[in-house]
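Chain and residue survey
Given next are the chains, with one letter for each unit.
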Amino acid sequence: MRYAIPKTAAEAASLLMEEAARVLAGGTDLLVQMKSGARSPEVIVDIKHLPGLRDISREDGGFRIGAAVSGAEMQEHADLVAAWPGVVEGVNLIGSTQIQGRATMAGNLCNGSPAADGVPAQIAAQAVVRIVGPKGERDCPVAEIPTGPGKISLGRGEFVASILLPARPERSGDAYLRFIPRTEMDIAVAGAAVNLVLAADGTVDQARVALGAVAPTAMLVEEAGAALVGTKLEQPALDALAKACEAACKPIDDKRGTVEFRTHVAGVLARRAARIAYVRAGGRA
Amino acid sequence: MAFDQQQKRDFKVVGTRPVRPDGIDKVTGRAMYGADLSAPGMLVARVLRSPHAHAKIVKIDISKAEGLPGVKAIVTSADLGRPEDEALRDTQDNCLAYDKVLYDGHPVAAVAATTPEAAKAALAAIEVTYEKLPHVTDVDAAMKAGAPVVLDGRAYEEVPAGWSQNVTNHCEFGHGDLEAGFAKADLILERSFKTEATHQGYIEPHACLASVGPDGRGELWCCTQGQYMVRETCAGILEMDASQLKVTPSEIGGGFGGKTTVFIEPVALALSRKAGRPVKLVMTRDEVFRASGPTIQSSTDVKIGMTRDGRITAAEATLRYSGGCYPNMTCMMGAQAAFAAYDLDAVRTYGWNALTNRPKEISYRAPGAPTAIYAVENVLDEMCQELGLDPIDVRLTNAADKGTKSSYGVTFQDIGLKTALEAAKAHPHYSAPLGPNQGRGLSCGFWFNFGGNSSVTLSVNTDGTVNVTEGNPDIGGSRASISMIAAEELGIPYEHVRTLVADTASIGHSDTTDGSRVTFMVGLATIKAAREATQKMCARAAAIWGIEPDAVEWIDGAAQPAGPNAGKFPPMSLAEIAATSLKTGGPIAGHCESTADGAGVSFGVHLCDIEVDPETGFTKVLRYTVVQDAGKAIHPDYVEGQMQGGAAQGIGWALNEEYIYGEDGLLQNPGFLDYRIPVASDLPPIDTVIVEVPNPGHPYGVRGVGETSIVPPLAAIANAVSRAAGVRLHELPMSPPKILKAVMAKG
């Protein structure tokens, strides 16, 4: 096994062309997988030292977050938290305080877990992922990255360099909630992210709802968002939201939760997250 | 005056809260745990485990693995003899499978190699041919005729018709006329319950270092609750003389009963004997879950009759336990404990054990009692709800007291149940208001406590300090309490005493640290050893003063003339006598090698408030209070710690911890991610109230406190959840999917 610290993105991409190469950012998934024997990479490519990968920078009114920025660093960035509280709270739910010092939003995405807490709010936020590979850079909507449990759409030699959270209009807010049987240190049994933009009168103008842990990948539920548009989150709208979420669920039955449970709870979480996002956007609940 | 007679006395050290003697070592990392010891030339061992729930071992081919670089020894069951003793044979077969593998994770072979990588490669090169057999992992399924038989020839002598040969143990307790009792009842409730197996969850996995020389003499360092148990078991399996095997217990990172047997020690010794080099074997967490002792899985029926005013007229319980793949009698302790809290005219309990394809059960704090009492206290709570009665009043009406003939035959001496119930009733927790979706649960709990055998040597050093050497690993603060007891008896400061846990060659036999026995029994032996030492010191003073030894008594840490007729001499302190001891007759020590009954049962009462989220089934423990009779708390911090620890573990058992087996009979959650022990943020502060009703069997009144505290939480939480959710639940753990399902079914 080899451990490499590339100095340039091109060098990183070329290292990643090798057999059984894996990207190391925070390492909170990779090292655990190696220890359990689930993965035995030949080359570990540590991308933390590439230029810009540990930066949060402003871009067109939004935020570009380097792939090696930790959850703790995101939490400490007041402007980012103010603009995208739901995205940040999703990332901050990963692991524990100690894990937050290492874990990254990009790593959480690239691990490909359907239950990744960092992903649904990014989908609701319409985040754009910047991918670097042997052929240079390309941008890709975040929802197109995960393709199934443990699988992502990146090609050989490619890695995520940063993620762009777009600029926020006035009266916007997002929120993420997940269900675990404990209070921390657990894997989501269901998760829901809601991103809202309100009109001046408090009516929902735009709404995006994404669910996690209830299908092979985290997913956008368009009908769920549509159920909120034009409403002020009155009970029928919230019920329609929950129904749309339940209809979109295709969960597995396993030790963490039954199909019935995950489906029901996804709707409940979406309702609750919508209320939080609404208040954050300045709406009066 | 009889030795154990209690005198009213003002304690100077007992009952205070000095700094714990093991604290600094533990927080700085200096403490040496099982895996911390190494030896020159040491090999690393790894264990090959069954990937099947149940299979015949057709062949184990180690030829390829033996030839790999770095591999120094491979052992299988064929390297061991066949012990005549059935229990020892079961223990051996659990360490290395004989002709069948009986559960997912059952050890099949072990390798010692120069590096972990070489050992791992060797495991992969061992070829085991299995013939898969049908399996059964559920206790109720295992008891039915036609169930796959886990072990042949081990069935109970009178298995009822229609039951399986998996039924291995039976017991029955009780007295009185059940039929007449139920006839007097205004309300009879009959309910069935199920609980899943849980694991002790100690933070330190099993670990040992074994070294056997060419002369056949062995040394073993390991984390265990009983070095003598390890020595006897390993000597039996390896056919060694006990005198030739020295076992040294390490500092222990939690046991809770789970380290009262062996899993890896005989294997490491066999590897070391074969390789001729020291061998270290450390289990991974995955191995700990799959193949070290969880609790029983249980299925219980309870029937109780009660009058309108809350008097129990008759009570009956049938317990079906499975302790995994070997016979065991945990059902007996459950059947004895089930109704122990109550003074009943008509009571009967039946216990059954059935074999399943699960790992061999080993003790977990009050083995057998929590699941039995969970079922009983659950039915009682439902009856209180139905009859509109106060749960504490009903328990006070029926509570056992001094002179009560218990449901398991013993007549109680002084016990603290009523005092504990009254303390719970008076506690502000009991009358605090509850909000929406919140419920309050209550349960009594009981544990027998044990005495047993222990050895103590108390040495008076020439500088006036004292060493206590004893043979019981400290899993709950016993070194502190034993030092305090020695200081109390000798009349010297606590800081002048240091207590050490010795290896098997340094002091006489001591039973395993279990049964909440150490503060009681080793404390008792320490008092006796101290009194022997003070007698010797009085004799030294008498010789110096030229008076009769019985004219001297030990008061306030010094020899003093007994009354005016003995003569006028200034008191001679322990330090003074110690300083000249080598010239006045030689070293001074007191000994006690002893056995004791009279451990004194302990009762507890737990109160808890829970909020249930009716939309998700999520539970939040809002408030928790433990009231328990300690007899006499030597070091109250540790007593409170035991009370809180038991409650925390019980909360886990009640809400989220469980062994989950798939259809394939394989364990689905062998790790802390999906085996959900509560994390710190899951728990509220746990309030404690120590009740002290002295145990007449101990000179200070001490009762064991380590186990009672895990008994009430299961029912206390179940009752709180049931009241908060507005629907009774009959299965543990009450994980959110189960609660949500019950809430939704209620409508």
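A few points on the structure. (Residues numbered from 1 in each chain as written. Chains lettered and ligands numbered in written order. Predicted model: local features only at pLDDT ≥ 70, side-chain atom pairs only at ≥ 80, totals over all residues. Heavy atoms only, no water.)

**Some details on the nonpolar core**
Counting 97 residues, the largest nonpolar core has Ile304(B), Phe339(B), Phe446(B), Tyr624(B), Ile717(B) and Met734(B) as its most contacted members. With ten residues, the single largest contributor to this core is helix H11 (residues 369-387) of chain B. Leave out the neighbours within four places in its chain, and Ile304(B) touches Phe182(B), Leu187(B), Ile188(B), Leu189(B), Ile312(B), Ala314(B), Ala315(B), Phe339(B), Val376(B), Val379(B), Leu380(B) and Met383(B). Judged by nonpolar contacts, the second largest core, of 55 residues, contains Phe63(A), Trp84(A), Leu109(A) and Val129(A). (Core = buried A, V, L, I, M, F, W, Y, C linked by side-chain atoms within 4.5 Å. Buried < 20%, exposed > 50% of the residue type's maximum accessible area, 1.4 Å probe, protein only. Helix = DSSP H or I, 4+ residues; strand = E, 2+ residues; numbered from the N terminus. Contact = heavy atoms within 4.5 Å.)

**Digging into the interface of chain B and chain A**
Taken together, the contact between chain B and chain A spans 23 residues of the former and 19 residues of the latter. When the two sides are added together, the surface that chain B and chain A hide from each other amounts to roughly 1,900 Å², 55% of it contributed by carbon and sulfur. Where chain B packs against chain A, one counts six salt bridges. Of the charged contacts, one joins Glu615(B) and Arg271(A) as a salt bridge, the two residues approaching to 2.4 Å between their closest N and O atoms. One can count 13 residue pairs in polar contact (both at pLDDT 80 or more) joining chain B with chain A. Here the residues of the side of chain B that touches chain A are counted per class, giving twelve nonpolar, five polar and six charged. (Buried area = accessible area lost by both parts, 1.4 Å probe. Salt bridge = Lys/Arg side-chain N within 4 Å of Asp/Glu carboxyl O. Polar contact = N/O pair within 3.5 Å; in protein donor to acceptor, adjacent residues only side chain to side chain. Nonpolar A, V, L, I, M, F, W, Y, C, P; charged D, E, K, R; others polar.)

**Some words on the pairing of strand E11 (residues 245-249) of chain B**
Residues and elements named next belong to chain B. On E11, burial follows the alternation: Leu245, Val247 and Pro249 on one face are buried, whereas Lys246 and Thr248 on the facing-out side are not. Looking at chain direction, strand E10 (residues 218-222) and E11 are connected through five bridges and run parallel. Following the sheet pairing, leucine 220 is matched in E11 by valine 247. What joins E10 to E11 is helix H7 (residues 227-238), and the crossover it makes is right-handed. (Pairing = 2+ DSSP bridges. Right-handed = clockwise from strand over helix to strand, strands pointing away.)

**Observations regarding the sheet that holds strand E2 (residues 55-61) of chain B**
Residue and element names in this part refer to chain B. Judged by pairing direction, the sheet is antiparallel, and its three strands sit side by side in the order E4-E2-E6 without closing on themselves. Taken across any chain shown, the strands that pair with only one partner, and hence form the sheet edges, are strand E4 (100-101) and strand E6 (127-132). Here E2 pairs with E4 via two bridges, running antiparallel. When the sheet's bridge partners are listed, lysine 56 is paired in E4 with lysine 100.

**Points about the side chain of Thr619(B)**
Considering the arrangement of structural elements, one finds Thr619(B) in strand E25 (residues 619-629). The class of Thr619(B) is buried, set by a relative accessible area of 9%.

**Points about empty space enclosed by the protein**
Residue and element names in this part refer to chain B. Applying the stated criterion across every chain, the model contains four cavities of 30 Å³ or more. Computed from the structure, the largest cavity encloses a volume of approximately 60 Å³. Looking at the largest cavity, it is lined by 14 residues, and the ones nearest its centre are Thr295, Ile296, Pro367, Gly368 and Trp653. In the lining of the largest cavity, the residues fall into seven nonpolar, five polar and two charged. (1 Å grid on protein atoms, 1.4 Å probe; cavity = no way out; pocket = protein on both sides within 12 Å on 5 of 7 lines; lining within 4 Å. Points joined across faces, edges and corners; volume = space filled by probe spheres on them.)

**So, the pattern of salt bridges**
Following the criterion strictly, the structure yields 62 salt bridges over all chains and no others. Between Glu615(B) and Arg272(A) there is a salt bridge, with its nearest N and O atoms 2.7 Å apart. In this pair, Glu615(B) sits in the loop between strand E24 (602-612) and E25 while Arg272(A) sits in helix H11 (residues 259-280), so the two residues belong to two different chains. For Glu615(B), a relative accessible area of 28% puts it in the partly exposed group. Classification of Arg272(A) by relative accessible area gives partly exposed; the value is 24%. Between Arg676(B) and Asp674(B) there is a salt bridge, and its shortest N-O distance comes to 3.5 Å. Of the two residues examined, Arg676(B) and Asp674(B), each falls in the buried class. Several salt bridges share partner residues, and in doing so they unite Arg182(A), Asp186(A), Lys255(A), Arg256(A), Asp674(B) and Arg676(B) into one network.

**Some points on H7(B)**
Residues and elements named next belong to chain B. With twelve residues, H7 ought to run about 16 Å at 1.5 Å a step, and its terminal C-alpha atoms sit 16 Å apart, in line with that. Most of H7 is tucked away, with ten of its twelve residues classed as buried. Taken as a whole, H7 has its buried residues at Gln227, Tyr228, Met229, Val230, Arg231, Thr233, Cys234, Ala235, Ile237 and Leu238. In the core, the buried residues of H7 are packed alongside helix H3 (86-95), E10, E11, helix H8 (265-275) and strand E19 (497-501). (Expected span 1.5 Å × (residues − 1).)

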